[in-house]
Amino acid sequence: MSETMKAYIEEAENALLHTYNRYQIVLEKGNGVYLYDTDGKKYLDFVAGIAVFALGYNNKEYNDALKGQIDKLIHTSNYYYNVPAIEAAKKIKKASGMDRVFFTNSGAEANEGAIKAARKYAYLKDGTTDHEIIAMNHSFHGRTMGALSVTGNVKYREPFEPMIGHIKFADLNDFDSVLAQVTDKTCAIMLEPVQGEGGLFPATEDFLKKVRALCDEKDLLLIFDEVQCGMGRTGYMFAWQRYGIKPDIMTTAKALGCGVPMGAFLMTERVGQHSLTAGDHGTTYGGNPLAAAAAEKVLDLFEKDHIIEHVREVAPYLEKRLEELAAKHEDILERRGCGLMQGLVFAHPVAEIINRALEKGLILINAGADIIRFVPPLIITKENIDEMVTILDACIR
Ligand SMILES: *Cc1c(COP(=O)(O)O)cnc(C)c1O
């Protein structure tokens, strides 16, 4: 490492709050699926800023759209309409199959909005204020207090108790555990169709079907958090489309802006007509012209560049190559995941392997201590996958 990079890292450690144990590299620029640090070292990126930069770095059309918007208008309040937000709203409606959208700045904020919409829906029905939400163990919904309250990981929640309250937890793919938590006060069931941070667990179709039927029977709202598994990652624009089981409220973020902070919660017309109204919710930045121009362009490029078709072509190859690695190395217990959202489960912590890979020019990330997670840019090729597997193979001992 150069003295320059060392100095940057020292300055960072003196100024930034220590909420991350950062890898010892300073990233400077990117091109396609490669990143470069301030020393000019090249890295193959299998993280994409955690499932964000779907279209690859330095995408000319995306960059030009942003530059054009910067010269026109970057921000205006949500008290006025702006053209990029109108276009982005039309396009996300079409891509998601939902009817109403509210733009946010992040995934956590999208989930906050979803929770508020669900509570308001229940409040309008019976006028009471003690409604419950059922969330899943091992889920991850974000770090703000509401999103944290529905996150099924005690370690993340405990130091910040009390949570928002009236949240119950069940197990993904165990319908009886969900049933056991249902009371007269339940207003919503919230889950990720494919759990990300919690360990790359896809929901089963049978489970989602039963949860959907339960929600229909009792007029509960089904909330899908597609912040990580949405936007093409599973080979469908949104993961629910893979199962054909539609939520009442859906959240998205990460790849929606491809790096410009942008999220959204969306709902069906029925929920839209019976939940949040004027004065109930707001945001200064959410859906501003710059962020909306980013999302609009991303949604355009998904269609124009046939991103979904590409994911369907390369994802089975990634799965196959990871299966081969799992078969070869005894300390890999399992491959699991879906599409370009994969994990290798090890019999031991993976931090050392990830550090060795970084030295060899491959960026990987964990999901929990023992799992290496693969959430590359969606434009990744089979050659890139081979390159990754060759490096990773050499890093596993
Ligand atoms: C990353 C993530 C979030 C939180 O999104 P932020 O933009 O970091 O607030 C919420 N839900 C899921 C499933 C995520 O993967």
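These lines cover the structure that appears in this document, whether it is placed above or below. (Residues numbered from 1 in each chain as written. Predicted model: local features only at pLDDT ≥ 70, side-chain atom pairs only at ≥ 80, totals over all residues. Heavy atoms only, no water.)

Some words on the sheet that holds strand β17 (residues 371-374)
Then step 1. Spatially, 4 strands are ordered β13-β14-β17-β16 in an open sheet, and the strand pairing comes out antiparallel. At either end of the open sheet lies a strand with only one pairing partner, and these are β13 (332-338) and β16 (365-366).
Then step 2. Strand direction decides the pairing type here: β16 and β17, joined by 2 bridges, are antiparallel. Counterpart to I365 in the pairing with β17 is R373.
Then step 3. Along the sheet face, helix α13 (residues 307-328) touches β13, β14 (341-346) and β17 and points at about 5° away from the line of β14. (Pairing = 2+ DSSP bridges. Helix = DSSP H or I, 4+ residues; strand = E, 2+ residues; numbered from the N terminus. Contact = heavy atoms within 4.5 Å. Axes fitted to C-alpha atoms, helices over the stretch in contact; angles between N-to-C directions.)

Looking at the state of the cysteines
Then step 1. Counted by the stated rule, this structure contains 0 disulfides.
Then step 2. There is no disulfide at C187, and the cysteine sulfur nearest it, in C215, is 10 Å away.
Then step 3. With relative accessibility at 3%, the residue C187 sits in the buried group.
Then step 4. According to the relative accessible area criterion, C215 is buried, its value standing at 1%. (Disulfide = S-S within 2.5 Å. Buried < 20%, exposed > 50% of the residue type's maximum accessible area, 1.4 Å probe, protein only.)

Considerations on the pattern of salt bridges
Then step 1. A full pass over the atoms with the stated rule returns 28 salt bridges.
Then step 2. Measuring nitrogen to oxygen at the nearest pair gives 2.5 Å for the salt bridge that ties K120 to D280. With K120 in helix α5 (residues 107-126) and D280 in the loop between α11 (269-273) and α12 (289-304), this pair connects stretches of sequence that are 160 residues apart.
Then step 3. For K120, a relative accessible area of 17% translates into the label buried.
Then step 4. A salt bridge links K168 to E132, with the nearest nitrogen and oxygen atoms 3.6 Å apart. Linking K168 in strand β6 (residues 167-170) with E132 in strand β5 (residues 132-136), this pair joins segments that are 36 residues apart in sequence.
Then step 5. Linked by salt bridges that have partners in common, K125, R212, D216, D219, D248 and R270 make up one network. (Salt bridge = Lys/Arg side-chain N within 4 Å of Asp/Glu carboxyl O.)

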